[in-house]
Amino acid sequence: MSTIFIFHPNKFISKEYPDVETHMYLVDAASMFMVKDPKRFEIVVASNLFGDILTDLGAGISGGMGLAASANLNPERKYPSMFEPIHGSAPDIAGQGKANPLATVWSASQMLEFFGHPEWAARLIEIIEEVVTEKTVLTPDLGGTAKTFQVGDEVVRKLETLKN
């Protein structure tokens, strides 16, 4: 059973899934709870505006925009789902090699999970954790001096060790 928190005008969709525990909050209360008790949130269903507000807040309290991944899922698979880092194009640092690619890697992990490859999804998460805890190849947003491609190369190097 998953707990889903809904910030969407159509709160009644939860009636279609009676085995799933749901809670509804206004975005201001949800923002406070996200800061004070972030573990309360497992899945959030929100409109685009509230979703943008909450993902940026969540990124800020969990390490920064460079680590925040996003999945817009169509569980019925009738329409495409989308996986992306929440940081957008970051035009203020474009072309400078400062962007953190780990949110993109995390988004790829979410995509792999969605398409039925949980073992590869888990391995990408492990690699992200290794890179962040080792602290040897980090971009400036995480206190390092590495360029975007260097962090990407480190992720690839760790993936290649699986072949051996």
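Worth saying up front: this structure is predicted, and the values here are computed from it rather than measured. (Residues numbered from 1 in each chain as written. Predicted model: local features only at pLDDT ≥ 70, side-chain atom pairs only at ≥ 80, totals over all residues. Heavy atoms only, no water.)

A. Structural context of the packing of helix α1 (residues 27–36) against helix α2 (residues 48–61). The contact between α1 and α2 brings their axes to 10 Å, and the two run at 15°. Comparing their axes, α2 and α1 come out roughly parallel. Along this stretch, α1 crosses α2, giving a crossing that reads as right-handed. Contacts between α1 and α2 involve V27, A30, S31, M34 and V35 from the first element and F50, I53, L54, L57, G58 and I61 from the second. Here the residues of the contact of α1 with α2 sort into nine nonpolar, two polar and no charged. (Axes fitted to C-alpha atoms, helices over the stretch in contact; angles between N-to-C directions. Helix = DSSP H or I, 4+ residues; strand = E, 2+ residues; numbered from the N terminus. Parallel < 35°, antiparallel > 145°, perpendicular 65-115°, else oblique. Left-handed = near helix turned anticlockwise from the far one by under 90°. Contact = heavy atoms within 4.5 Å. Nonpolar A, V, L, I, M, F, W, Y, C, P; charged D, E, K, R; others polar.)

B. Inspection of the confidence of the model for the protein chain at higher detail. Predicted confidence across the protein chain gives a mean pLDDT of 86, with 91% of residues reaching 70 or more. When mean pLDDT is taken per element in the protein chain, helix α5 (residues 148–160) scores highest with 97 and strand β1 (residues 3–7) scores lowest with 58. (pLDDT = per-residue confidence, 0-100.)

C. Representation of the pattern of salt bridges within the structure. Counting across every chain of the model gives seven salt bridges. A salt bridge links E126 to R123; the shortest N-O distance between them is 3.3 Å. Residue E126 and its partner R123 are both found in helix α4 (residues 118–134); the two are separated by three residues, about one turn of the helix. Here K158 and E130 are joined by a salt bridge, their closest N and O atoms 3.3 Å apart. (Salt bridge = Lys/Arg side-chain N within 4 Å of Asp/Glu carboxyl O.)

D. Quick look at the side chain of S109. One can find S109 in helix α3 (residues 102–114). On the accessibility criterion, S109 (4% relative accessible area) is buried. For S109, the contacting residues outside a window of four places in its chain are A121, L124 and I125. (Buried < 20%, exposed > 50% of the residue type's maximum accessible area, 1.4 Å probe, protein only.)

E. Geometry of the pairing of strand β5 (residues 82–85). Of the two faces of β5, the one lined by F83 and P85 is fully buried and the one lined by M82 and E84 carries no buried residue. The pairing of strand β4 (residues 69–72) with β5 spans four bridges and is classified as antiparallel. Opposite S70, over in β5, you have E84 as the bridge partner. (Pairing = 2+ DSSP bridges.)

F. Structural view of α3. For α3, spanning 13 residues, the distance from its first C-alpha to its last is 18 Å, which sits close to the expected 18 Å at 1.5 Å a residue. Those residues of α3 not exposed but buried are L102, A103, V105, S107, S109 and F114. Each element contacted by the buried residues of α3 is listed here: β4, β5, α4 and α5. Once α3 ends, the next one or two residues include G116, with phi positive near 90°. (Expected span 1.5 Å × (residues − 1).)

G. A look at unusual backbone geometry. Of note, the phi angle at R77 is positive, near 60°, even though the residue is not glycine. For R77, the location among the structural elements is in the loop between β4 and β5. For R77, a relative accessible area of 47% corresponds to the partly exposed category. Unlike most non-glycine residues, K135 shows phi in positive territory, near 60°.

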